[in-house]
Amino acid sequence: MLKIIIPTMMLIPLTWLSKPSMIWINTTAYSMLISLIGLTYLNQFTDNNLNFSLLFFTDSLSAPLLMLTTWLLPLMLMASQYHLSKETLTRKKLYITMLVLLQLFLIMTFTATELIMFYILFEATLMPTLIIITRWGNQTERLNAGLYFLFYTLVGSLPLLIALLWVQNNLGTLNLLVIQYWAPPLLDSWSNALLWLACMMAFMVKMPLYGLHLWLPKAHVEAPIAGSMVLAAVLLKLGGYGMMRITVLLNPLTNFMAYPFMMLSLWGMIMTSSICLRQTDLKSLIAYSSVSHMALVIVAVLIQSPWSYMGATALMIAHGLTSSMLFCLANSNYERVHSRTMILARGLQTLLPLMAAWWLLASLTNLALPPTINLVGELFVVMASFSWSNITIILMGINITITALYSLYMLITTQRGKYTHHIKNVKPSFTRENSLMALHLLPLLLLSLNPKVILGPIY
Amino acid sequence: MKPPILTIIMSTVISGTIMVLISSHWLTIWIGFEMNMLAIIPILMKKFNPRAMEASTKYFLTQATASMLLMLGITINLLLTGQWAVLNMPDPIASNMMTVALAMKLGLSPFHFWVPEVTQGIPLSSGMILLTWQKIAPLSILYQISPSTNPNLLMAMATMSVLMGGWGGLNQTQLRKILAYSSIAHMGWMIAVTTYNPTLMLLNLVIYIMMTLGAFMLFMLNSSTTTLSLSHMWNKFPLITSLILTIMLSLGGLPPLSGFIPKWMIIHELTKNNMIIMATFMAITALLNLYFYMRLTYATTLTLFPSMNIMKMKWQFENTKNTTLLPLLIVISTMLLPLSPMMLTLL
């Protein structure tokens, strides 16, 4: 694992010591090389895991997420070049340092063996993200957004710390590889219910669950592009990953305790999808669509069946790439029009046809078109929830319909129709932007050819 | 203050605390406390304005009362055990009396009312000594009598202290009052764990002293005592603004900074002893503290302008304030988490 961690740490001296004209080139190139190292970890045993040391391990669940994280850093750096071009050199280097630090913490979180180390790094990811959102966001609401983000996550995760320490006192260890065999069944009592809540609420807030999702639209909308990308693509998946790891400890109480959260998620995914239909703010639409997709993941993790876990893992990877791509597209709009309102920059297909192609592909993957992995994930989750309870098929069907509706609404509003007269002097697409979209889409399409990689440990 | 006088007074302060630390006779402990208190009054009154005199008077009255209560506890112990040796105090009356006396000295709830007012009235450097050095002596006595203290009393004081420290600091803009309420809250954390593992109390004290010294020195660089003057720091010391961010987040107990070490260890110890509700309660009220630290960072660092001042003459002005060992304090306050096993074995 050090062969990823040390190079990522060394990206920080690289940014501070590079020549001013070379910082973007150096960091993007080397972070892409680091992501190529992670590709070797995708060759996982299906029923076992790859133990690197006492501290780090990967298995078929964390290796795709690790790959997603390392793949996203060069993309974030490429996306940030424009809006940082007017800042002073020190500020640029600080921004890149924050991104690299976040990357470091995320890599260590996804590969942590010990749950306390997972917790510490889970909390540690908050700090660079807070700094990125609050310092480099664009509107005054970013201050409020940073506070909401920090405090929602902390209030959820402090009980998790206490629950983890309690479990360590009882079981003797918090090593993930050990507790899957040693965890005693959690019987139904008030204190066990509180333990269940303490363990899960941190991840519910992070996912986010529908009732606790208030921080997400604020944080996503106010963050700069790299912040939005990393939030949507990776930080939400931390919640899903943590939930999948910690439910090992929480059986069979989960069958009983999961009902309120299932209700909230099933209803919430329809609610947030419907809100998307009425959004005027493009980034807000993509943020609410993230809530809706993650609600599916919550449903899948709480059902705890083999197919639902496969669907959850696939959906996490697919949604990471898709929503990051959508944020990049929204940012390319924002950089030209300096407003997030959708109708201000409509009819772009006539002006930027290649970008319209990327918009089309991104919207199609967002609405889970076959044979993309988005569909694989959603379909597995829908089937698993149908087997859990037949009625959920109605809700899932409504959700898929509304998802299709708002994805096409977003596509049609921004791309089709007559353009407005004031966007005539929009700059043409940069090669950087086109390559950014291609690099997002390429893993998605390649994974559609071999989804086995991202189907998780149950496959 | 003239240097010879300052030397004598500071050495009296230091030797007073050291007398408390090394003595095995209760009378010399009391003498040490009195030396410390009397010598620090001139330090608190470095400036001759009525505010400073009022603060020094309040400090003197509370600390003298606390010393007398301590003496009362010592005398009751002498009455019941017939000896002056500093061992445990088996009698609950003497032990409670002493705990209350030490709580008054430390500024724990419900005896916390003097801390914000005294800290506000004195200069920044005196406040620094007040909130860090003055805590060492009472906590050392608490460490020594910790086996015989009443856990209920300590837990009640800890609960009230974290609440008061959290809520009291929410409405403040004066930096010294903010650090005073932070001190009250941290003292609450320290005594919550005293009955279970006094070593963790010392760990929390050491890390708290490092962080508070660092925070005070950063404020002294700009002579800023209000949030407003702190928000002007971007102009003179842009680097220091980011250091204020890290120290404030460390005071708030955010991982991966070293302020998280005492909180984690204390919650671990409380959980081991089945005080789970207490641990949850303290952890959540620490978020109140984090809110006003975040407000300071918002004013200072996170709302920096896109470009800095291009004043050409800045290089001619050197730093004139006494910021001893500031880099060391910053590093200790932020990067100690990977070394936490070493911290536990050192104490």
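This one's a predicted model, so the numbers in the text were calculated from it and none came from an experiment.

Draft legend 1. Summary view of the overall build of chain B. Counting secondary structure elements, chain B contains 17 helices and zero strands. In terms of overall dimensions, chain B is globule-like: its C-alpha atoms have a radius of gyration of 20 Å, near the 20 Å expected for 347 residues. A principal-axis box enclosing the C-alpha atoms of chain B has dimensions of 70 × 50 × 35 Å. For chain B, buried positions account for 56% of its 347 residues. A fraction of 77% describes how many contacts in chain B between residues 6 or more apart in sequence connect residues 24 or more apart. For chain B, the accessible surface area stands at approximately 13800 Å², while carbon and sulfur atoms represent 72% of it. Charge-centre separation for chain B: the mean point of 16 positive side chains lies 15 Å from the mean point of 6 negative side chains.

Draft legend 2. Structural context of helix α6 (residues 124-132) of chain B. For α6(B), the tally of buried residues reaches eight of nine residues, placing the bulk of the element in the interior. All buried positions along α6(B) are accounted for by B:L124, B:S126, B:G127, B:M128, B:I129, B:L130, B:L131 and B:T132.

Draft legend 3. Looking closely at helix α4 (residues 92-106) of chain B. Residues and elements named next belong to chain B. For α4, built from 15 residues, the straight-helix expectation of 21 Å at 1.5 Å per residue is met to within 8% by its first-to-last C-alpha distance of 21 Å. Most of α4 sits inside the fold, with eleven of its 15 residues counted as buried. Inspection of α4 places A94, S95, M97, M98, T99, A101, L102, A103, M104, K105 and L106 among the buried residues, and these make up the whole buried set. Contacts made by the buried residues of α4 are with α2 (26-44), α3 (50-81), α5 (114-121), α7 (136-145), α8 (151-168) and α9 (175-192).

Draft legend 4. Region of the structure containing the interface of chain B and chain A. In this complex, chain B contributes 31 residues to the contact, which on the side of chain A involves 30 residues. For chain B, the biggest contributors to the area lost against chain A are B:L287, B:Y298 and B:L302; these three give 21% of the whole. The tally of links between chain B and chain A comes to zero salt bridges. Inspection of the region where chain B meets chain A yields five residue pairs in polar contact (both at pLDDT 80 or more). Elements supplying a minimum of two residues to the side of chain B that touches chain A: α13 (238-251), α14 (260-272) and α15 (276-300) of chain B. For the side of chain B that touches chain A, the class distribution of residues is 24 nonpolar, six polar and one charged.

Draft legend 5. Structural detail: a nonpolar patch on the surface. All names here are of chain A. A surface patch of nonpolar side chains, about 460 Å² in accessible area, is lined by F386, I391, I393, I394 and I398. With three residues, helix α17 (residues 392-415) is the single largest residue contributor to the nonpolar patch. You can see I391 is positioned in the loop between α16 (373-388) and α17. Owing to a relative accessible area of 59%, I391 belongs among the exposed residues under this scheme.

Draft legend 6. View of the UniProt feature "domain: NADH:ubiquinone oxidoreductase chain 4 N-terminal" (unreviewed entry) in chain A. UniProt's entry tags residues 1-109 of chain A with the feature "domain: NADH:ubiquinone oxidoreductase chain 4 N-terminal" (unreviewed entry), counted in the numbering of this structure. Across residues 1-109 of chain A, helical content stands at 66% and strand content at 4%; the span's end C-alpha atoms are separated by 12 Å.

Draft legend 7. Fine view of the UniProt feature "domain: NADH:quinone oxidoreductase/Mrp antiporter transmembrane" (unreviewed entry) in chain A. As recorded in UniProt, the feature "domain: NADH:quinone oxidoreductase/Mrp antiporter transmembrane" (unreviewed entry) lies at residues 112-401 of chain A. With 77% helix and 0% strand, residues 112-401 of chain A has its two end C-alpha atoms placed 38 Å apart.

Draft legend 8. Region of interest: the environment of A:I6. Take A:I6: it is sitting in helix α1 (residues 2-17). For the pair A:I6 and A:I34, spaced 28 residues apart in sequence, the C-alpha separation works out to 10.0 Å.

Draft legend 9. Main features of the side chain of A:N26. All names here are of chain A. Checked against the element boundaries, N26 lands in helix α2 (residues 23-38). A relative accessible area of 17% places N26 in the buried class. Residues in contact with N26, not counting those within four places in the same chain, are L14 and S18.

Draft legend 10. Here's a closer look at a positive patch on the surface. Among the surface-exposed residues, B:K46, B:K47, B:K236 and B:K321 lie close enough to one another that they form a single positively charged patch. Position of B:K236 relative to the elements: it lies in helix α12 (residues 233-236).

Draft legend 11. How the structure looks around unusual backbone geometry. In this structure, A:P208 follows A:M207 across a cis peptide bond, with omega equal to -5°. By the element assignment, A:P208 lies in the loop between α9 (190-206) and α10 (215-222). In this structure, the amide linkage connecting B:S109 to the following residue, B:P110, adopts the cis form with an omega of -5°. Mapped onto the secondary structure, B:P110 falls in the loop between α4 and α5. Look at A:A368: it is not a glycine, yet its phi comes out positive at around 65°. By secondary structure assignment, the location of A:A368 is in the loop between α15 (353-366) and α16. Residue classification places A:A368 among the buried positions, given a relative accessible area of 8%. A positive phi angle is found at B:S223, which is not glycine, with a value near 50°. Here B:S223 is to be found in the loop between α10 (198-221) and α11 (227-230).

Draft legend 12. Main features of the packing of α16(A) against α17(A). Residue and element names in this part refer to chain A. Taken N-terminus to C-terminus, the directions of α16 and α17 make an angle of 155°; their axes are 8 Å apart at the nearest point. Put simply, α16 runs roughly antiparallel to α17. Each of E378, V381, V382, S385, F386 and W388 in α16 lies in contact with α17, whose residues at this interface are T392, I393, M396 and I400. Within the contact of α16 with α17, the residues separate by chemical class into seven nonpolar, two polar and one charged.

Draft legend 13. Molecular detail of the packing of aromatic side chains. Residues and elements named next belong to chain A. One pass over the structure, following the stated rule, counts 18 aromatic pairs over all chains. Ring geometry for Y95 and W136: centres 4.9 Å apart, planes at 75°, overall edge-to-face. Of this pair, Y95 sits in helix α4 (residues 89-110) while W136 sits in helix α6 (residues 126-136), and the two are 41 residues apart along the sequence. Under the relative-accessibility criterion, Y95 is labelled buried at 0%. Grouping aromatic residues by their ring pairs yields a cluster made of F110, F118, F122, F203 and Y241. The aromatic ring of F122 is capped on one face by K206, whose charged end is 5.5 Å from the ring centroid. Sitting above the plane of the Y148 ring, K218 keeps its charged end 4.6 Å from the centroid.

Cut-offs and rules
Residues numbered from 1 in each chain as written. Chains lettered and ligands numbered in written order. Predicted model: local features only at pLDDT ≥ 70, side-chain atom pairs only at ≥ 80, totals over all residues. Heavy atoms only, no water. Helix = DSSP H or I, 4+ residues; strand = E, 2+ residues; numbered from the N terminus. Rg over C-alpha atoms; globule rule 2.2 N^0.38 Å. Buried < 20%, exposed > 50% of the residue type's maximum accessible area, 1.4 Å probe, protein only. Contact = heavy atoms within 4.5 Å. Areas by Shrake-Rupley, 256 points an atom, 1.4 Å probe, with all protein chains shown as cover. Lys, Arg positive; Asp, Glu negative; His and termini not counted. Charge placed at Lys NZ, Arg CZ, Asp CG, Glu CD. Expected span 1.5 Å × (residues − 1). Buried area = accessible area lost by both parts, 1.4 Å probe. Salt bridge = Lys/Arg side-chain N within 4 Å of Asp/Glu carboxyl O. Polar contact = N/O pair within 3.5 Å; in protein donor to acceptor, adjacent residues only side chain to side chain. Nonpolar A, V, L, I, M, F, W, Y, C, P; charged D, E, K, R; others polar. Patch = residues over 30% accessible without salt bridge, like charges linked within 9 Å, V, L, I, M, F, W, Y side chains within 5 Å. UniProt positions renumbered as here; feature names shortened; annotations may be inferred. Axes fitted to C-alpha atoms, helices over the stretch in contact; angles between N-to-C directions. Parallel < 35°, antiparallel > 145°, perpendicular 65-115°, else oblique. Phe/Tyr/Trp six-rings, centres within 6.5 Å; stacked < 30°, edge-to-face > 60°. Lys NZ or Arg CZ within 6 Å of the ring centre and 35° of its normal.

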